[in-house]
Amino acid sequence: MAKGSQVVVDVVLPLAVSQFFTYKVPEEFSAEMEPGKRVIVPFGKQRIFAALIKNVRHSSENLEDYKQIQSVLDEKAIVNAFQFELWGWISEYYLCQTGEVMNAALPPGLKLQSETKVVLNPSFEMEGKEMDTNELLLFETLLGKQEMRIDEVSLVLKKKSVHLLLKRMLEKGMIILSEEIEERYKPKKETRIRLSPAYESDDLLHGLFQEYEQDKRKAKQLEALMFFLKLLYQKPERDFIKKNDLLKQENISSSALQTLVKNNVLKEWDVRVDRLPLATGEQVVPFSLSEAQQTALDEVRSVFAEKDVTLLHGVTSSGKTEVYIHLIEETIKSGKQVLYLLPEIALTTQIITRLRRHFGDKVGVYHSRYSSNERIEVWNQVNRFSESDAEGVFLKSQIVLGARSALFLPYSKLGLVIVDEEHDSSYKQNDPAPRYHGRDTAIVLAKFHGAKVLLGSATPSLESYYNALAGRYGLVRLNQRFGGVLMPEIVVADVKEAMRKKIMKSHFTPELIQSVDLALKNKEQVILFQNRRGFSPYLECRQCNWIPNCKNCSVTLTYHKQSHQLKCHYCGYGQHVPAACLQCGDHHLEVKGFGTEKIEEEIAIFFPEARIARMDLDATRSKQSFHRIITDFEERRIDILVGTQMVTKGLDFDNVSTVGIINADQLLNYPDFRSHERSYQLMAQVSGRSGRKQKQGRVIIQTQQPNHWVIRDVVKNDYEAFYKRDLYERHKFNYPPHSRLVEIIIRHKDSDVVQEAASTFAALLRNKMGQRVIGPHIPLISRIRNLYHRVVIIKIEREISAKDAKNKIRECMTSFYSNREHHSIQMHVDVDPM
């Protein structure tokens, strides 16, 4: 170290700021400094954060004004160089800050920040001081509790805001505000009981029994000891019994057990255990592949020799998952890790079972429905993979199955990334930043590791198929359904004609009713797809046409009959259904349109004996709800499953013979350049749920546009024709994949202010980027959560440097915010919006 130099660290803070922050390192911590470890640092006047060390270096500068780190949280780095490299790419490509990426990447239990605690000032003397009622109540409460969080103060005083009161008490010297940081992750521990070494010989144990038998006061202890020994001797190892297992027994009391421990008859100790469930059952080898699957697998291997990314275009029910499983087996045998991405948490339920049947506890699962502690345990298992034993085997979480957040785990030897259903828009993060795309980020992550990427879909995104045909990706096709099962018969039911003939039954055409009836008679199952949750989109007064609207957003309130509430699907606002029109007082409020709740209710009128369930966001809010619905449907405890797009995504049910698409027009007519692509994908995917095992299925598409070209291509299962037509339409208007889009949303609580700000920012952009800038325009939903929105879109040609274009956008943002009047304006940048 140079004379006079001191160790400093550059850290990342979980804040939306552009730079790293430098802190001095006290001498006692110098040896522990390592990139990727968390350190506690002060920030601002009072805040304390757990920051991540990015760089460790020596500085000869004058560091007098620099703050210093307070402590080190980790013995081993929790973030590695690959992750920092990925974070840097995300922040640059998606025009966000590294701190925002850190916030998205780390599970909640690893992100620590201080909590303000209210503490009595020990030097405050109450005598002679005037206090109002609230001050006196808080003072007396603190005398008993020593310290309180601000939210606890609000509860005690029954006030929403207590900051003015606390400010007053601070000025009087009554209280002190302290900042404390608390580790959220607590390892799960299991208490175990064993026999004390002092009583391991039969003679000593026999003497103990005699002593307890002669003393009636020890009858409960004797009973507990005998039961403990009975359970212990049933185990081949005779090592220990879990305390919880003992306390479940009726004849063992907690007090008797504790007395035996206190008297050194039994020994009690805690062991750290996994929260994650272990795989059960015997592992099986992957199934033999069909000829078509084997050909596809061989082609994938061959393409991987030349290209890092391959698109597997396989029709629904072609057996893509079995191809994945063979590739996974080859990868883990080489000592590498595998990341298997899925767009929806719902899909993990079935795939977990299939993968664990083959790979046991090598499969770890990571997604937001897991608790914070469960996610940290998967994080730690992945992080320890580099410490595998001498044989290179580390059993847990060598294969990670998860939604897009699984990209951020600390992989060290990643060999294969599988992105299943790669076309799915759920891979795109919308809010908050970083607004990254899981598929594209996975490709970059794999590049950093030198790993291969397999994109799988029956209906690839136009961008991926375009890249494959252009030679950027490899392309492998799997055009046969497994087992020779035929593609489903698709029937287009003309809703307009049925309404003209007055043969519609509620929202169902005769073709759909007949198909459902036949399926139920044959003991087969049915899926009904309606891509709108709730009972109906809105209520309307029959007299004056008044419609209840959200008070925070420019949308109508959706009627949910089950809870008898009107709800906003954008901000969460809800209210009870009014008994009468709030405008004219008329009592006739009519239900307009329909959602999954209404379909569920009305199909039951026609098939009262059928067991009907619903799978949408409202029905699947709890951790186990997906698993419960899917299991019940698999085990045929449900006859008809009504759902939103959740039911379209890769689920495998072998008894489904009929699928009904209730309203195809809702998909086709959405005002977005991707609406035809999404319509084709959703209709083709939901159609693929029918007839998946040994029998041709039947799909009924209800529409008022039976001759629409997208529907014709779905009926013919002609992806190539659809791709060419949609690509041509996009080429005419220079939409992706012929260009790149950047969408900038400007928000403010005042409509006039946001319009002026959006116009100013658009002018700054035009000065640098010319006619590539479109807008500002008012979006379809112009106000959300009381913030007015304006949108500016930038189209960047493929031929010019995207990096240069984004640098110009950053320059414009810096110039815009240099004006103090714009500091209250919110600006959200979305690169490659979906």
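Residues numbered from 1 in each chain as written. Predicted model: local features only at pLDDT ≥ 70, side-chain atom pairs only at ≥ 80, totals over all residues. Heavy atoms only, no water.

(A) Highlighting the sheet that holds strand β26 (residues 612-615). A sheet is described by the order of its strands in space; here 6 strands give the open sequence β19-β29-β28-β20-β27-β26, paired in parallel fashion. The sheet is open, and its two borders are formed by β19 (489-494) and β26, each paired with just one other strand. Between one strand axis and the next, the sheet turns by 20 degrees as a mean value, whatever way the strands run. On the sheet, helix α18 (residues 596-606) packs against β20 (525-529), β26 and β27 (640-643) and is oriented at approximately 170 degrees with respect to β26. (Pairing = 2+ DSSP bridges. Helix = DSSP H or I, 4+ residues; strand = E, 2+ residues; numbered from the N terminus. Axes fitted to C-alpha atoms, helices over the stretch in contact; angles between N-to-C directions. Contact = heavy atoms within 4.5 Å.)

(B) Examining the confidence of the model for the chain more closely. The predicted model of the chain has a mean per-residue pLDDT of 84, with 91% of residues at 70 or higher. Every residue in residues 389-394 scores below 50 in pLDDT, and together they form 5 contacts with partners more than four places removed in sequence or on other chains. (pLDDT = per-residue confidence, 0-100.)

(C) Structural view of a negative patch on the surface. On the surface, E27, E28, E32 and E75 cluster together to form a negatively charged patch. Tracing the backbone shows E27 in the loop between β2 (21-24) and β3 (38-43). A relative accessible area of 74% places E27 in the exposed class. (Patch = residues over 30% accessible without salt bridge, like charges linked within 9 Å, V, L, I, M, F, W, Y side chains within 5 Å. Areas by Shrake-Rupley, 256 points an atom, 1.4 Å probe, with all protein chains shown as cover. Salt bridge = Lys/Arg side-chain N within 4 Å of Asp/Glu carboxyl O. Lys, Arg positive; Asp, Glu negative; His and termini not counted. Charge placed at Lys NZ, Arg CZ, Asp CG, Glu CD. Buried < 20%, exposed > 50% of the residue type's maximum accessible area, 1.4 Å probe, protein only.)

(D) The arrangement of the environment of F761 in detail. Secondary-structure assignment places F761 in helix α24 (residues 751-769). In this structure F761 comes out as buried when scored by relative accessible area, which is 0%. Aside from chain neighbours lying at most four places away, what touches F761 is I744, I746, C812, M813, F816 and M827.

(E) Unusual backbone geometry, seen in detail. A433 connects to P434 through a cis peptide bond whose omega is 5 degrees. Mapped onto the secondary structure, P434 falls in the loop between β16 (414-420) and α14 (438-449). Residue P737 is reached from P736 by a cis peptide bond, and omega for that bond is 15 degrees. By secondary structure assignment, the location of P737 is in the loop between α23 (719-732) and β30 (739-748). With a phi angle near 65 degrees, N264 is a residue other than glycine that sits in the positive phi range. Relative to the elements of secondary structure, N264 occurs in the loop between α9 (254-262) and β11 (266-272). A positive phi is found at D832, a non-glycine position, where the angle reads about 55 degrees.

(F) Spatial organisation of the sheet that holds strand β5 (residues 71-72). Pairing is antiparallel in the open sheet, where 5 strands are placed in the order β2-β1-β4-β3-β5. Every other strand in the sheet has two partners, leaving β2 and β5 as the edge strands with one partner each. Pairing analysis gives 4 bridges linking strand β1 (residues 6-12) to β2, with the strands arranged antiparallel. Among the inter-strand pairings, V8 is bridged to a residue of β2, identified as K24.

(G) Representation of the pattern of salt bridges. On inspection of all chains with the given rule, the structure shows 33 salt bridges. D431 is the salt-bridge partner of R435, the closest N and O atoms lying 2.8 Å from each other. Taking relative accessible area as the criterion, R435 reaches 8% and is therefore assigned buried. For D431, a relative accessible area of 45% puts it in the partly exposed group. Measuring nitrogen to oxygen at the nearest pair gives 3.7 Å for the salt bridge that ties K501 to E497. Because the salt bridges share partners, they merge into one network encompassing E463, R674, E677, D726 and R730.

(H) How the structure looks around the packing of helix α21 (residues 675-687) against α23. Across the interface, α21 lies against α23 with an axial gap of 10 Å and an inter-helix angle of 165 degrees. Classified by the angle their axes make, α21 and α23 are roughly antiparallel. Pair α21 / α23 crosses with left-handed handedness. Across the interface between the two elements, H676, E677 and Y680 of α21 pack against Y719, F722, D726 and R730 of α23. Considering only residue class, the contact of α21 with α23 consists of 3 nonpolar, 1 polar and 3 charged. (Parallel < 35°, antiparallel > 145°, perpendicular 65-115°, else oblique. Left-handed = near helix turned anticlockwise from the far one by under 90°. Nonpolar A, V, L, I, M, F, W, Y, C, P; charged D, E, K, R; others polar.)

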